[in-house]
Structures are given as C-alpha cells and as structure tokens.
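# Notes for the structure review
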Amino acid sequence: MAEDKKPEAPAAAAPKPPPPPGPPAPPPPKNPGLVTAVVDGREVVVKPGTTVIEAAQGMGIDIPYYCWHKRLSVAANCRQCLVEMSNAPGGKLVPSCQVPLTEGVVVKTDTPRVKDQQRANLELLLLNHPVDCSICDQAGECKLQDYYMQFDAQPSRLDIPKNTKGKRIELGPTVTLDQERCILCTRCVRFMREVAKNPQLGVANRGTRSVITTFPGQPLDDRYAGNVVDLCPVGALTATDFRFRGRVWFMSSARSLCTGCARGCNVALDYLDTTAYRLRPRENADVNQEWMCDQGRTTYKALNAGRVLAARLGRGAAAARATRDEALKAAGLALAEARRAGGVAVLLSPVASLEDLLAACHVAKEGLGAAEVFVGGRPDGWQDDFLKKADENPNRKGLELAAQAYGLAVRPFADLVAAARAGRVGALWVVGAEVPDAAGAEALAALPVLVVQAVNEGPLAAAATALLPASPHAEGDGTFVNFEGRAQRFEAAWHPRGEARPHLALAGALGRALGLKVPWGTARETWLALSPRLAGVALWDFKWDSLPSVGRRKGHLPLAAGTVDGRLAGQKERLPPEGSEPAKRGVAPTSW
C-alpha cells in the first residue's frame, strides 16, 4: 500500500507593503482649550471654531468679502475672501469665511497669489454689473466701489454687450430690486429664512440667468423686509422710500434710538441740515443685534412733517402767533393763577426723554404742588416675539421712574378725561401732546387753561390756549429707558428748528415763572441736578457721559466695525461751527 503524502503547504504570501504615510498628526495645542495659529506672520490665539475671517478681523486684518455676515449662515459663494492656508489640500486657496483655524496652521492673506485672485474675482463680478454709479442709490455705500479702488482699478476688458436683467422691480411696499446689479451673495435670502423666519426671497433660474426674486404673485411684505437693504453689499436692493432722495456723502449721521416702540432699537439717524432722511439699525447685541422693523424706519418722518415751530396764544378764531417768550409768560401766569385756584393737572408723554420728564416732574411737584401725573402717549400697536413691542412709546419706563423720584402717583389717561368731564380739572399742563384716545382729547380741548408743549400738530396742540414749540429727540441729547429698564442715550443730530426748544428748557422757564430756582439748562445739567433723586433705581450700568456730548465733538463718527457692513456715516460736520449764526440761534436759552 502506497504511503499517502501530505499535501505541501502553500507558499507564504508576500508581506503587504506598508500603507503610505498619512497627513502628520496635528501638533499638541500650544494653549490647551484654545487654537493657536499664525496669520500674516503674527501669532493668534482663538476659541475653537473661529473662522479665519473672524480671527483676521480681530487682528485688524481686512479680508474683502460680500456674502459673509456674522449673524447669517455661511454661504461661501462670492469667493472674494480666498486666502492661502498651510493645510489646504493641493495648495488651493480656501474661503476664509468658511474654514476654521486649526492648531499650528499658517494663513497668508496678502500674498501676490491672493491679490491676483481678488482682482480676478472682482473683474468677474464687474463684467456684467452695470457701472451706473452716478445714478445708483447705493453709491457711497457699495463694496464693489470700495474694493474696485482697493484691489482692481483697471478698465473692463469686456468687448461684448453686458448681460442685462430686470430694473426697478418693486418686490414689495418697501424694497425695490435692480437685478442686474445683484452679485447673488444671497444675504437677503438667508436673512428672510434665518432671521425673519419668513422665506419670501429665493434664487430663480440657473447660471448667468440666476436672479433674486419672490415667489410668483407673492410680494416681499414682511415687517422686517427693510433689513435686506442694509445687508445688500452692492445696491441691488434699495429702500423705495429713500431712492433718489439724497447722496450719503452729503449727509451726516447721529447715534440715536428708534421711537417706534418700547424696545429702543439702536439706530443711525441720517440727515442733511435739519432734515431727517432715514433710519438704519445700529448694532447693539443686547437690544436689537443689527436689525429693526419697517415701522420703526418710518418714525423719522415725524421729525420733518407737521412740526410746531412757533408759539401761539389763544384758541379758535382768537389764536394768534406769539414769540416764545410771550407764550411762556402767558402760560406761566395762567398756571400760577390756576394753582392758587386749585384744579391743575399735569399730563406727561412717554415719548419725551427721561431728562425732560425729570424736569417736568420737578416743576409739577415743587411749582404746582401736584400729587399725581397722568400718562398720555401713543395707543398700543402690534407685537411679535422678535423686536416689536405693543407699547409704541419709547420711554414709558422712564416716565414711571421720574414720577417715582418725586413721589408722584401715575394715573392713566382715561382718569384725566373722566376728571375733566366731571369738572374736577380747570387747567392742564401738557408735556408732550401725544394722546392714546382722540375722543378723550376732545374732552380736554374744552378746558379753560390748556398749556401744551408739543412737537407736532395734533388735537391738543390745536386746542391749546398757550402752545409752546418743543423739540423732538433729534434736536437734543437725552435718555430713554426701554421696557426692560435699560437706560440708553441718544445724541442731538441738529440744533432745534424754528422756535422749538427741548421740553426740559420749556419746563424750566415755566418753573421760574412759578417761583422755582431752576438749576439746569442743558440735558446734561438736568441729569446732574435731578438724577440723584433716582437713587435706588436700577438703571443697569448706565453712565450719562458714556456717550460724549455732540457739543464737544465735531466731525462724523464711523459706525463700529461689523455694524451693518461697517458702512461709514456721513462726511459733513455734524453741527454748525461754534460762534456761527445758526449755532447761536440753536443754543439761545429761554429768557422767561
């Protein structure tokens, strides 16, 4: 029997070659919990997740961009912010708005390669952009203009007709679109989807035919639609209300507050001479971020139209224009007489500033012997869960604090109307003529003595026996306290128009007529003299002088970096030169 042979063992397989070396392991963090990198040769330490463009801005390095916005999601579609990074695959340029810094990475933002890319990208954007800067409403606030001068400044090489799209398309009641100016950065689309929570805008068509538009038959009518105009970097979206009304480089800008509701959104008030042209949101991360509602944007119109600019005495057919001093003298005598007879009431407006209301409460308490004040103001409006409050008065909280400081009870407007109808009020001093009830105003119009300090014409101004022209917040420094109890300063844009003066100055003149010693003249002096009475009142970390007075500061003030694209305010001197006739007329005190 043949012996079985064992099968031969298979030959051992050849060993596999070692895998190719991968990317080197990231270095250990130089600063544990943080990211350390190098940008343009300078070491920077940031929190994990910080993008290159954010880190560069913190270092004062300007990387150009269009589509990026710190409060919107990252789109990275404009390609203007490309930079060199040491860890980029294939050595490609990467968008700095999208890529976060990593440990040990080296970033270069100013190499010839990066600058060539910026010039080439800008040339591409300008190929089909109508260079209509001479008529474009965004001229002076356009990043295409700014970057062209900074990175390109070369004539166009396009020798065929430009791609044209729609002109002057009214997307809704507040926004007009010029499609051919659009560079499709999609900031507007992302704002409507992510902030307004109302995606009314989108990109239609493809390639060179792509356009920003609304859905067919549906307008852009969101209550926050005006913010897309602030976001647009190139003038494609413009405010219908502002188009063709003024050039921004002729205007000045003041740091102000919106008076549309109790929120107190921080705004920039743009004006020329003594005419307001528009309001734009100003950044305050704790109040309104960088947004405001469309209704608030229209409140500037009350600064221009329907103003009371001269004093009047008498009502009806007996009404006659008077000088401010004549009207103040007559009003003081009438209130003094009424005080002796009893039955004097005081109506305060929550549209007036805290300084105005402190002065008024001082006179009401010390000069008229009042134990209570009544609250006027605008009626309630709509409200949402974003910015807008139903209370459309900017300083109701300030009125309550001022009355509390003087121990005055605060009563509603309806109680005043009832008291007037019952004959318990013979004379009324009105500081701010806004009223929540027009029918109630008719009851007050029959009072024998009606001294009214009014900014705008209205039912009470028309019925006043002595009408005194008052200044709005744009014509003086002051403070509003919003619904949270947050005190915020606003600054004067221009000197008072006509014979108008701030409420605090008119109240001081009436106080002197009642025998009081009035230790204030300006808003700052009023605050220094009367604010100690607010002791114990929580006004957060408010400091009146934290906003420098415009009386000591000239020239325009650039908006803080990162606010509404960092656009600059106007270029003109904010106030008339010291000693000039307009300046003398604007600061002339009330003499009686």
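Further up the page is the structure itself.
Report on the accompanying structure.

About the cut-offs
- Residues numbered from 1 in each chain as written.
- Predicted model: local features only at pLDDT ≥ 70, side-chain atom pairs only at ≥ 80, totals over all residues.
- Heavy atoms only, no water.
- Helix = DSSP H or I, 4+ residues; strand = E, 2+ residues; numbered from the N terminus.
- Buried < 20%, exposed > 50% of the residue type's maximum accessible area, 1.4 Å probe, protein only.
- Contact = heavy atoms within 4.5 Å.
- Areas by Shrake-Rupley, 256 points an atom, 1.4 Å probe, with all protein chains shown as cover.
- Salt bridge = Lys/Arg side-chain N within 4 Å of Asp/Glu carboxyl O.
- Pairing = 2+ DSSP bridges.
- Axes fitted to C-alpha atoms, helices over the stretch in contact; angles between N-to-C directions.
- Phe/Tyr/Trp six-rings, centres within 6.5 Å; stacked < 30°, edge-to-face > 60°.
- Expected span 1.5 Å × (residues − 1).
- Lys, Arg positive; Asp, Glu negative; His and termini not counted.
- Parallel < 35°, antiparallel > 145°, perpendicular 65-115°, else oblique.
- Left-handed = near helix turned anticlockwise from the far one by under 90°.
- Nonpolar A, V, L, I, M, F, W, Y, C, P; charged D, E, K, R; others polar.
- Core = buried A, V, L, I, M, F, W, Y, C linked by side-chain atoms within 4.5 Å.

## Notes on the overall build of the protein chain
If you tally the helices and strands in the protein chain, you get 15 helices and 23 strands. Expressed as a percentage of its 592 residues, the buried residues of the protein chain come to 53%. Across the protein chain, every contact between residues at least 6 apart in sequence was considered, and the portion connecting residues at least 24 apart equals 66%. On the protein chain, roughly 27,000 Å² of surface is accessible, and the fraction owed to carbon and sulfur atoms is 55%.

## Observations concerning the pattern of salt bridges
Here the structure, examined in full by the defined rule, presents 32 salt bridges. With a closest N to O distance of 2.8 Å, Lys70 and Glu283 form a salt bridge. Of this pair, Lys70 sits in the loop between helix 1 (52–58) and strand 3 (82–85) while Glu283 sits in the loop between strand 13 (275–281) and helix 6 (294–297), placing them 213 residues apart in sequence. Residue class for Glu283 comes out partly exposed when judged on its relative accessible area of 22%. Through salt bridges that share partners, Asp132, Lys167, Asp178, Glu180, Arg181 and Arg243 make up one connected network.

## Observations regarding the sheet that holds strand 13
Strand order in the open sheet formed by three strands is 11-12-13, and the pairing between neighbours is antiparallel. Two strands lie at the open edges of the sheet, namely strand 11 (252–257) and strand 13, each paired on one side alone. Within this sheet the neighbouring strands show an average axis-to-axis angle of 30°, counted without direction.

## Topic: the packing of aromatic side chains
For the structure shown, the criterion picks out seven aromatic pairs. Summarising the aromatic geometry, the rings of Tyr66 and Tyr147 are spaced 5.4 Å apart at their centres and angled 70° between planes, so their arrangement reads as edge-to-face. In this pair, Tyr66 sits in the loop between helix 1 and strand 3 while Tyr147 sits in helix 3 (residues 143–152), placing the two residues 81 residues apart along the sequence. The residues Tyr66 and Tyr147 share a single accessibility class, namely buried. Measuring from ring centre to ring centre gives 5.4 Å for Trp527 and Phe542, while their planes differ by 85°; the resulting arrangement is edge-to-face. Placement of Trp527 in helix 14 (residues 523–530) and of Phe542 in the loop between helix 14 and helix 15 (581–587) is noted, with a sequence separation of 15 residues between them.

## Looking at helix 8 (residues 354–367)
With 14 residues, helix 8 extends 19 Å between its outermost C-alpha atoms, agreeing within 8% with the 20 Å of an ideal straight helix rising 1.5 Å per residue. For helix 8, the complete set of buried residues consists of Leu354, Glu355, Asp356, Leu357, Leu358, Ala359, Ala360, Cys361, His362, Val363, Ala364 and Gly367.

## Some points on the side chain of Asp356
As for its placement among the helices and strands, Asp356 is situated in helix 8. The side chain of Asp356 is buried and forms no salt bridge, while Arg489, the nearest opposite charge, is found at 12 Å. With residues up to four places along the chain from it excluded, the contact list for Asp356 reads Pro502, His503 and Leu504.

## With respect to the packing of helix 8 against helix 14
Contact geometry of helix 8 with helix 14 gives a least axis separation of 9 Å together with a crossing angle of 55°. Taken together, the axis directions place helix 8 and helix 14 in an arrangement best described as oblique. The element helix 8 and its partner helix 14 pack so that their crossing is left-handed. Of the residues in helix 14, those in contact with Leu354, Glu355, Leu358, Ala359 and His362 of helix 8 are Ala523, Thr526, Trp527 and Leu530. Taken together, the residues of the contact of helix 8 with helix 14 sort by class into six nonpolar, two polar and one charged.

## Examining the nonpolar core
Considering soluble globular proteins, one finds that nonpolar side chains tend to be buried as a cluster. Core analysis: the biggest nonpolar cluster contains 76 residues, and Tyr66, Leu101, Leu144, Phe191, Leu201 and Val228 have the highest contact counts within it. Look past the residues within four positions of Phe191 in its chain and what remains in contact with it is Leu72, Ala196, Tyr224, Asn227, Val228, Leu231 and Trp291. Judged by nonpolar contacts, the second largest core, of 56 residues, contains Ala327, Trp429, Ala470 and Val518.

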